[in-house]
Amino acid sequence: MGPGSGIAPALAAAASPQPGQPALAALVEDAARTPLIPQGAEPFPPDDDEQPLYAARTKVYPQRVTGTYRRAKWAILFVTLGIYYLLPFVRWDRGPHAPSQAVLVDFPNRRFYFFFIEIWPQEFYYLTGLLIIAAMTLFLMNAVAGRLWCGYLCPQTVWTDLFQAIERWTEGDRREHLQRDRQPWTLERMARAGAKHFLWLMVAWWTGGAWVLYFGDAPTLVRDLATFQAPFVAYVFIGLLTFTTYALAGWMREQVCVYMCPWPRIQAALTDEYALNVTYRYDRGEPRASLKKAAERREQGLPAGDCIECLQCVHVCPTGVDIRNGPDLGCIQCGLCIDACDAVMKKIGRPARLIAYDTDLNIKRRQQGLSSFYHIVRTRTVLYTVIIAVVGAVMLYALATRRNDAVSVIHDRNPLFVRLADGSLRNAFAVRVLNKSLEARTFALSVSGLEGADLDVIGSSSFSGANPLIEVGPDQSREVRVLVTAREPLAAGASVPIIFTIVPRTGGTAASASDHFIGP
Ligand code: SF4
Ligand code: SF4
């Protein structure tokens, strides 16, 4: 019998009612008159689709916690912030013709210095390589252990962590702060809040200040800033970054991760079932009950999990997530709930890691009596590692074989050629010679590919044989206007490939660039 086979007889029975039963038409009319929601009853709960897209923020009061993950986060915080604040003051001797700041973005001279590496604008492909490596590293971290970046390394997490530490120091730990927030304003409360905001602003101001130090000589800029002689744009950027740091780390905190940052959404699409994530091991924790009730259940021979409903994991969470409810977009995977729960497990004499880096797959395997299975080496992790290694190797090779000189050439657009009085043809070019070494150098310029052609560099009167000489200062480039004159007649519409070559007079290998000599 098919699934719809009972409908027709039922309709027929309703249309031909038995004595004493209402007819179908009467039932329909009655249904139309009857309200869908009985009087006094609760309306239907809204569909998930109709839920508001924005929830008002519930302030989070993260509790102090100690443990392995907390210590790791402190270490990362000190190292990353230490590097950020102090790096502009690290010196690196490059000789008299280059700045001595180890890391410097030199906009006026269009250079980027990173210790022994100096990047010219023409070499910004290195930046592309770095961006590929950064993206692949992020993907690799995600494939191995979920939101490692979010939990430990993201600037939003690091500064929020610091701001929360300041908050606990000035306004007290979770319980004390909660109680104080429920009480009316007193002098003490105002002083504590004032101290917190003052310290937040100091950190935010120093964060903005440190940023601008990467764009000029740091000691000089500090002096100029203090004496109000620094460029106006430096004050503008310090103000902007002070404001954004104060607002993002002090006020918005977890809302940046939940609402503003795209990475949690991308990360969720990139992950798979083998990636380790901070996971509540419900196979061990459930059924949860208070310590007393769990003991009673065990006495009665009933099952009782290890979770004693103490909520310590929720209270320490910087984003206010209850990890026991399963994966959550708000969970930045910082591992602090692991530390909190481990401390509880230690107190009640149960094994640690009721919350741990694990997978749902493992939980299901354990429930089936199988052992846990950690599958870190898999196609995607190998692929990401190979891409990082290949791009890294290419970049290292390019750096190791990087030349100290280069030449580029651009043909004049208009006119493409000029016929001289003696009938010969002339083309003009802009030739740029780059001298990346830290001493002045002289290059001999030659052209090949056009038999018997004359070469002139406007403004240059020195020659090496028939080759004009071009002097270029240390760590500089120089553009010269070059005239090439063909003495031999050319076929109509000719476009002859030619090669410009520069040879350093102090020794070294030649560099060349190609273009075309164009005829009528
Ligand atoms: S800290 Fe551990 S025991 Fe306490 S509620 Fe969280 S998971 Fe349960
Ligand atoms: S649930 Fe745990 S891992 Fe996730 S953000 Fe909160 S404390 Fe960190």
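Residues numbered from 1 in each chain as written. Chains lettered and ligands numbered in written order. Predicted model: local features only at pLDDT ≥ 70, side-chain atom pairs only at ≥ 80, totals over all residues. Heavy atoms only, no water.

1. Digging into the overall build of the chain
When helices and strands are tallied, the chain shows 18 helices and 15 strands. Sorting the 520 residues of the chain into buried and exposed places 39% on the buried side. Partitioning the contacts of the chain with sequence separation of at least 6, the portion at a separation of at least 24 is 69%. (Helix = DSSP H or I, 4+ residues; strand = E, 2+ residues; numbered from the N terminus. Buried < 20%, exposed > 50% of the residue type's maximum accessible area, 1.4 Å probe, protein only. Contact = heavy atoms within 4.5 Å.)

2. A few points about the side chain of Gln-101
Note on placement: Gln-101 falls in the loop between α3 (68-86) and β1 (103-106). The class of Gln-101 is buried, set by a relative accessible area of 1%.

3. Overview of the sheet that holds strand β14 (residues 495-504)
With antiparallel pairing, the five strands of this open sheet are ordered in space as β11-β12-β9-β14-β15. Lying at the two open borders of the sheet, with one neighbouring strand each, are β11 (463-464) and β15 (511-518). In the sheet, β14 pairs with β15 via eight bridges, with the strands oriented antiparallel. Counted as the bridge partner of Ile-499 is Ser-514 from β15. (Pairing = 2+ DSSP bridges.)

4. With respect to the site of ligand 2
In the region of ligand 2, the neighbouring residues are Val-278, Cys-317, Pro-318, Thr-319, Val-321, Ile-323, Cys-331, Ile-332, Gln-333, Cys-334, Gly-335 and Cys-337. Grouping the constituent residues of the shell around ligand 2 by class yields nine nonpolar, three polar and no charged. (Near = heavy atom within 4 Å. Nonpolar A, V, L, I, M, F, W, Y, C, P; charged D, E, K, R; others polar.)

5. Quick word on the site of ligand 1
What surrounds ligand 1 is the set Tyr-280, Cys-307, Ile-308, Glu-309, Cys-310, Leu-311, Gln-312, Cys-313, Arg-324, Cys-341, Met-345 and Ile-355. Contributing elements (two or more residues each) for the shell around ligand 1: α15 (312-315) and α16 (336-347). Its residues assigned to classes, the shell around ligand 1 shows nine nonpolar, one polar and two charged.

6. Observations concerning unusual backbone geometry
Residue Pro-287 is reached from Glu-286 by a cis peptide bond, and omega for that bond is -5°. Along the chain, Pro-287 turns up in the loop between α13 (282-285) and α14 (291-299). Cis geometry is adopted by the peptide bond preceding Pro-415, which originates at Asn-414 and carries an omega value of 0°. Residue Phe-115 is not a glycine yet carries a positive backbone phi of 50°. By the element assignment, Phe-115 lies in the loop between β2 (111-114) and β3 (117-119). On the basis of relative accessibility, which here comes to 22%, the residue Phe-115 falls in the partly exposed class. With phi around 40°, Arg-253 is a residue other than glycine that occupies positive phi space.

7. Let's talk about the nonpolar core
Of all hydrophobic cores here, the largest spans 25 residues; its most connected members are Val-431, Val-433, Leu-445, Val-482, Val-484, Phe-500 and Phe-517. Put simply, the parts of the chain that give this core at least two residues each are β6 (405-411), β8 (425-435), β9 (441-448), β10 (454-457), β12 (467-472), β13 (476-486), β14 and β15. In contact with Val-433, other than residues within four places in its own chain, are Ala-406, Val-407, Phe-443, Ile-470, Val-472, Gln-476, Ser-477, Arg-478 and Ile-502. Ranked by size, the runner-up nonpolar core spans 21 residues in total, among them Val-321, Cys-337, Met-345 and Tyr-357. (Core = buried A, V, L, I, M, F, W, Y, C linked by side-chain atoms within 4.5 Å.)

8. Quick word on the pairing of strand β4 (residues 277-280)
Neither face of β4 is left uncovered, since the one carrying Asn-277 and Thr-279 and the one carrying Val-278 and Tyr-280 both have all their residues buried. Two strands pair when backbone bridges link them, and β4 and strand β5 (residues 355-358) are joined in this way by four bridges, in the antiparallel orientation. Directly across from Thr-279, in β5, lies its bridge partner Ala-356.

9. Structural notes on the packing of aromatic side chains
Throughout the structure, instances matching the rule amount to 20 aromatic pairs. Here the aromatic rings of Phe-107 and Phe-215 are separated by 5.8 Å at their centres, their planes lie at 10°, and the arrangement is stacked. Residue Phe-107 is located in the loop between β1 and β2, and its partner Phe-215 is located in the loop between α8 (187-212) and α9 (218-226); the two are separated by 108 residues in the primary sequence. Of the residues examined, Phe-107 reaches a relative accessible area of 58% and is grouped as exposed. Through pairs of rings, three or more aromatic residues link up here, namely Tyr-84, Tyr-85, Trp-159 and Tyr-214. The lysine or arginine in question, Lys-73, covers the ring of Tyr-152, its NZ or CZ lying 5.7 Å from the ring centre. (Phe/Tyr/Trp six-rings, centres within 6.5 Å; stacked < 30°, edge-to-face > 60°. Lys NZ or Arg CZ within 6 Å of the ring centre and 35° of its normal.)

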